[in-house]
Amino acid sequence: MSKIQLLISGGWVIDPIQKINEPRDLLITGGLIEAIGNPGEFDSIDLPDELRIDANGAIVSPGFLDMHCHLREPGFEHKETIESGTQAAAAGGFTTVCAMPNTDPAMDSVASVKFLVEKARVVGQIRVLPIAAITRGRAGLELTDMSELAEAGAVGFSDDGDPVSDGYVMRHALAYSSLLGLPIINHSEDRTIAPGGVMNYGFSSERLGLVGIPSAAEEAMVSRDIALAELTRGILHLAHVSTERSVDLVRAAKQRGVNVTAEVTPHHLVLTDDWVTGEATELRPHVISYEYDTNTKVSPPLRSGKDVQCLQQALDSRVVEVIATDHAPHATVDKLCSYDDAAFGISGLETALSMLVYLHDRSGVSFETIIRSLTEAPAKIIGREDLGSLREGTQADITIFNPNLQWKVDSKQFLSKGKNSPLDGVEVRGRVLKTIYSGNVVFSL
Ligand SMILES: [Zn+2]
């Protein structure tokens, strides 16, 4: 046995791939998981205290993998950098994040993919995997050199932030996806349906006098993309689904054998459009103001209570198999303005776990399901089945969290440069205690 790096004992281990959901101890050597043993099995090993982690009362999980996050570099370093974004990710329990290409320049070339990989290797706290653009400059007109980008390390393709509106372009992107074995990840929104929309279309938008985005804007494009994936036998992954009918469309497509998967964000699983008004909700019992809260402006928008409930059920029944943060950090000034002018996005890496603990408490979605959606499921979609488990011999990426630890969100304390969180000031439960990447502790509370 090579030199022992860490012993994690006393914790409750959940590793869906290995169907482990019980107390276990873990031994780490040389950056790899050496062994998973029964409680106390490794106690006789002589180790200095600094190599022992007491996980009593905590859940020990494979490191979380976020397949949808915006690191903003290059081009928007005032909002986030690869360094600050990966620090925030580590604090949120993530050991791998997939970075979206809506940077400036857009990540549409081999050089830009290599920049991300190289920069992340130097300054990153954790693993960063590139999602390259579908079209040049993300302009929606001309496909990128997808096979070269895949060779350079891209694990998927997306023009996220913007949809691929042209059906002919999308058709060809999906056709290539099956050749490359990598997903096309579309931001599903038909913008011609709700130009200028800023929040969900419904009672709250009418009350506030804001332009609403009806569910149909999402569902029209989900429907088109499923039809195109069926036509081309392409690999389609739907980013951040947010409506009841989107879930219905995915379920029906899966039943027909279409190669489609979907993700949902923690905020769409927990928050409704009531949050836009700043009024009291169960999670936030005090009215923060009667003005609208620009930190709730996100794309797709926070939806109705019925949608939220359907998304919870879809996650539970694995119709939607992935949880992804869509971490979208912004500078404070981007939100210090009218709701119409505010930027879309929530800084989500550091509150994801707490929102999911709330989901578990309120809807009964099990921690096993939540962890599977953050590990095994996204790893499979991006073709990295070496990640997302605690199998012996794999890289020691591990998240240790206490689901009962209470804390008050203070976005000023975020490691992310993006302080834009609707949860600022809210009392939550569930906190990451330690994040271990490749055998090294990269975050410790
Ligand atoms: Zn998006």
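All values reported here derive from a predicted model rather than from experimental measurement. The numbers attached to residues start from 1 for each chain and follow its sequence in the written order. Where totals are concerned, whole chains, interfaces and linings use all residues; where local detail is concerned, this predicted model gives features only for residues with pLDDT of at least 70, and gives and counts side-chain atom pairs only at 80 or more. Hydrogens and waters are ignored; side-chain quantities use all the structure's heavy atoms.

Colleague: Any chance you could explain the pattern of salt bridges here in plain terms?
Modeller: Here a salt bridge means any side-chain nitrogen of Lys or Arg lying within 4 Å of a carboxyl oxygen belonging to Asp or Glu. All chains considered together, the criterion is met by 23 salt bridges. Two residues, D162 and R191, come together in a salt bridge whose shortest N-O distance is 2.7 Å. Residue D162 is located in the loop between α3 (146-152) and α4 (167-180), and its partner R191 is located in the loop between β11 (184-186) and β12 (199-200); the two are separated by 29 residues in the primary sequence. The shortest N-O distance in the salt bridge between D361 and R429 comes to 2.5 Å. Placement of the pair is D361 in helix α10 (residues 352-363) and R429 in strand β18 (residues 427-437), with a sequence separation of 68 residues. A relative accessible area of 25% means that R429 is categorised as partly exposed. Ionic contacts of the salt-bridge type, sharing partners, join the residues E244, R245, D248, R251 and K306 into one network. To qualify as a helix, a DSSP run of H or I must reach at least 4 residues; to qualify as a strand, a run of E must reach at least 2; elements of each kind are numbered from the N terminus. For every residue, the accessible area obtained with a 1.4 Å probe (protein chains only) is divided by the maximum for its type, and the residue is called buried under 20%, exposed over 50%, and partly exposed between those limits.

Colleague: Whenever I open this one, α4 confuses me. Can you help?
Modeller: Residues that lie three or four places apart on an α-helix share one face, since the helix turns once every 3.6 residues. In this scheme, a helix's expected span is set at 1.5 Å multiplied by one less than its residue total. Taking 1.5 Å as the rise per residue, α4 with 14 residues should run 20 Å; its terminal C-alpha atoms sit 20 Å apart, in good agreement. When α4 is considered as a whole, its buried residues turn out to be V169, M170, A173, L174 and S177. Mapping the buried residues of α4 onto a view down its axis gives an arc of 135 degrees, with all of them on the same face. Opposite the buried face of α4, by more than 90 degrees, sit the exposed residues Y168 and L179. Any two residues having at least one pair of non-hydrogen atoms within 4.5 Å are treated as being in contact. Here the buried face of α4 lies against α3, β11, α6 (215-232) and β14 (236-238). Two N or O atoms form a polar contact when they lie within 3.5 Å of each other; inside protein one atom must be a possible hydrogen donor and the other a possible acceptor, and for residues adjacent in sequence the pair counts only when both atoms belong to side chains. With a side-chain oxygen positioned 2.8 Å from the backbone nitrogen of Y168, the residue opening α4 is D166. G181 sits one or two positions beyond α4 and adopts a positive phi of about 75 degrees. The arc refers to the directions leading from the helix axis to the C-beta atoms.

Colleague: How do you make sense of unusual backbone geometry when you look at a structure like this?
Modeller: Generally, phi is negative for residues other than glycine and the peptide bonds are trans, each holding for most cases. Looking along the chain, the bond that leaves D104 and enters P105 is cis, with omega of 0 degrees. Note that P105 resides in the loop between β9 (94-99) and α2 (110-123). A cis amide bond, omega 0 degrees, links S299 with the succeeding residue P300. For R72, which is not a glycine, the phi torsion comes out positive at approximately 70 degrees.

Colleague: Got a minute to help me understand the sheet that holds strand β10 (residues 127-130) in this structure?
Modeller: Either a parallel or an antiparallel arrangement is found when strands of a sheet pair, and the pairing is made through backbone hydrogen bonds. Between any two strands, at least two bridges found by DSSP are needed for them to pair. In space, the 3 strands of this open sheet follow the order β8-β9-β10, with parallel pairing throughout. The strands lining the two open edges of the sheet, one partner per strand, are β8 (64-69) and β10. For this sheet, the mean inter-axis angle between neighbouring strands, taken without regard to orientation, is 20 degrees. Bridge count between β9 and β10: 4 bridges; the pairing is parallel. Bridge assignment links C98 to a residue of β10, and that residue is L129. Simply put, an axis is a line fit to the C-alpha atoms, just over the touching stretch for a helix, and the angle between two N-to-C directions goes from 0 to 180 degrees.

Colleague: Before we go on, may I ask you to explain the coordination of the zinc ion in this structure?
Modeller: In an ideal tetrahedron of four donors about a metal, each angle is 109.5 degrees. In an ideal octahedron of six donors, the angles are 90 or 180 degrees. Coordinating donors are taken to be N, O and S atoms lying within 2.8 Å of the metal, or within 3.2 Å when the metal is Na, K or Ca; because water is excluded from the atom set, some sites may appear incomplete. Donor atoms from the polypeptide that coordinate the zinc ion comprise D160 (OD), H187 (ND1) and H240 (NE2), at 2.0 to 2.3 Å from the metal. Spacing between the donor residues of the zinc ion along the chain follows D-x26-H-x52-H. A residue pair is termed long-range when its members are at least 10 positions apart, and D160 in the loop between α3 and α4 and H187 in the loop between β11 and β12 qualify at 27 residues.

Colleague: How should the environment of P39 be read in this particular structure?
Modeller: Residue position: P39 is located in the loop between β5 (32-37) and β6 (52-54). Accessibility expressed as a relative area gives 51% for P39, which makes it exposed. Through-space distance from the C-alpha of P39 to that of T261 is 37 Å; in sequence the pair is 222 residues apart. Excluding its chain neighbours within four sequence positions, the residues that come into contact with P39 are P23, R24 and D25.

Colleague: Which parts of the structure should I look at to understand the sheet that holds strand β1 (residues 4-9)?
Modeller: As summarised here, the arrangement of the 4 strands in space is β5-β4-β1-β6, forming an open sheet in which the pairing is mixed. Of all strands in the sheet, those bounded by a partner on one side alone are β5 and β6. Ignoring strand direction, the axes of neighbouring strands in this sheet form an average angle of 20 degrees. Two strands pair when backbone bridges link them, and β1 and strand β4 (residues 25-29) are joined in this way by 4 bridges, in the antiparallel orientation. Bridge pairing in β4 places L6 opposite I28.

Colleague: Where do I start with α2 in this structure?
Modeller: In this model α2 runs 20 Å from its N-terminal to its C-terminal C-alpha over 14 residues, within 8% of the 20 Å that 1.5 Å per residue would give. Among all positions in α2, only S112, V113, L116 and A120 are buried. Down the axis of α2, the sector holding all buried residues measures 105 degrees, keeping them to one side. Facing away from the buried side of α2, by more than 90 degrees, are the exposed residues A111, R121 and V122. The elements touched by buried residues of α2 are α1 (82-91), β9, β10 and α3.

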